[in-house]
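These are the residues of each chain, in order.
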Amino acid sequence: MSSDTPQNDLWIERARLDGMVVGGVFYGMFFLLTVQAWIALMKYPQFGGRSRHALLFYIFITFVLRTINFAANAKYTEMIWIDLHGAPGGPDALIEDEMDYRINVLAIYTSQIHDWFMQALLLHRCFVIWNWSRRVMIPMITLYIAMIALSIFSLTQASTGAVVYNISIIPVFVSVQVGLAVIYTILVMNRLLLMRRLMRRAIAQYDSSAYNTVVVMVIESALLSSVFSIIFVVAFALHLEGVTTLCFLSIDSVQGIAQLFIILRVARGQAVTHEWSSRAAAAPTTIGLSGFCTTEKSNDERIARPEKDVVETHSASMKEEADVCIA
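Residues numbered from 1 in each chain as written. Predicted model: local features only at pLDDT ≥ 70, side-chain atom pairs only at ≥ 80, totals over all residues. Heavy atoms only, no water.

## Observations concerning the overall build of the protein chain
Across its full length, the protein chain carries eleven helices and zero strands. Written out in order from the N terminus, the α and β elements of the protein chain read α-α-α-α-α-α-α-α-α-α-α. Within the protein chain, the fraction of its 327 residues that count as buried is 53%. Taking the contacts inside the protein chain whose residues are at least 6 apart along the sequence as the reference set, 71% of them involve residues at least 24 apart. Surface accessibility of the protein chain: about 15000 Å² in total, with carbon and sulfur atoms responsible for 65%. (Helix = DSSP H or I, 4+ residues; strand = E, 2+ residues; numbered from the N terminus. Buried < 20%, exposed > 50% of the residue type's maximum accessible area, 1.4 Å probe, protein only. Contact = heavy atoms within 4.5 Å. Areas by Shrake-Rupley, 256 points an atom, 1.4 Å probe, with all protein chains shown as cover.)

Right under this line is the structure:
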């Protein structure tokens, strides 16, 4: 490297190389958790229930997308310092003009589609826990559609030759992503804490530790990815291209790891479950990601909804269901 290379250019080049190293570490964690989640779902089908195939498909498709993304980023990084090391402008120009190369376009497109799948899983979990309430579904689906529209618009702008760091819509897109995760966390925590309070009111000696576990699990799944996303948005807005590059190469794996932690616990029967069908409201304590708990209780016995008169009925049967449904 020439001694008269601007320090800012050197920082961006170091950030790209360091980002690939850090991204490789997170991808290794993502790979191990993917294998563990797949094995757990195959080994303990009773915990996955009828949703097992949907979870297996999610694990498969996100793993394929993330692997293509990581491989394409690794190849383009190799091109920057080896194949195209003599290109005009040096590595810094190659990093800024990344949309001029198909291999990097592939990396960015797979990254965006990967995000769509992860956000879809968050939405589904939220809808299940809220018993498919329209007042929750409508605004969340609207935000999800807006996120996809912003994603497509940013990709369209980038494909016209615009420098990625100069596309103003990207921080808006990531902000909507973060907003979805934060709103999801608030909605799910509020619902779980409400149901815990109703169970305690109905059954004096009810053990609510399972609800506490799920609340902690939800926070854990959203915290790490949200922190990375917020750092990315702030760095992008302040034109800190080095920090933006460093976060960008790791953020997909971090988000995937957060999702796999929950799937792994569900697959091992360490999470509370909720029936996906229209009869979900009939199982008062079956809340969570994706599993099933068989019950034949009638609608007048459900406590998943916050009506006081429902909570005060059939406390003995609710206690029996709680013991059966909580893994």
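Moving on from the model shown.
## Describing the nonpolar core
Inside soluble globular proteins, nonpolar side chains tend to come together where they are buried. Among the nonpolar cores identified, the biggest contains 33 residues, and C126, V136, M140, M147, I170 and V174 are the most heavily contacted of them. Counting only elements with at least two residues in this core, the list comes to α5 (102–129), α6 (134–159), α7 (169–202) and α8 (209–237). The element best represented in this core is α7, accounting for eleven residues. (Core = buried A, V, L, I, M, F, W, Y, C linked by side-chain atoms within 4.5 Å.)

## Observations concerning a nonpolar patch on the surface
Taken together, the side chains of F31, L32, V35 and I39 define a hydrophobic patch exposed on the protein surface, amounting to about 340 Å² of accessible area. Checked against the element boundaries, L32 lands in helix α1 (residues 7–43). The exposure class assigned to L32 is exposed, which follows from its relative accessible area of 51%. (Patch = residues over 30% accessible without salt bridge, like charges linked within 9 Å, V, L, I, M, F, W, Y side chains within 5 Å. Salt bridge = Lys/Arg side-chain N within 4 Å of Asp/Glu carboxyl O.)

## Concerning the packing of aromatic side chains
The tally for this structure, following the rule as stated, stands at eight aromatic pairs. Between F30 and F63, the aromatic rings sit 6.4 Å apart at their centres with planes inclined by 15°, giving stacked as the arrangement. Of this pair, F30 sits in helix α1 while F63 sits in helix α3 (residues 52–83), and the two are 33 residues apart along the sequence. Of note, R191 hangs over the ring of W130, and the distance from its end group to the ring centre comes to 4.8 Å. (Phe/Tyr/Trp six-rings, centres within 6.5 Å; stacked < 30°, edge-to-face > 60°. Lys NZ or Arg CZ within 6 Å of the ring centre and 35° of its normal.)

## Let's talk about unusual backbone geometry
Note: most residues except glycine have negative phi, and most peptide bonds are trans. Phi angles above zero are rare outside glycine, and N131 is one such case at about 55°. A relative accessible area of 11% means that N131 is categorised as buried. Positive phi, normally seen in glycine, also occurs at W132, with a value near 55°. Mapped onto the elements of the fold, W132 is located in the loop between α5 and α6.

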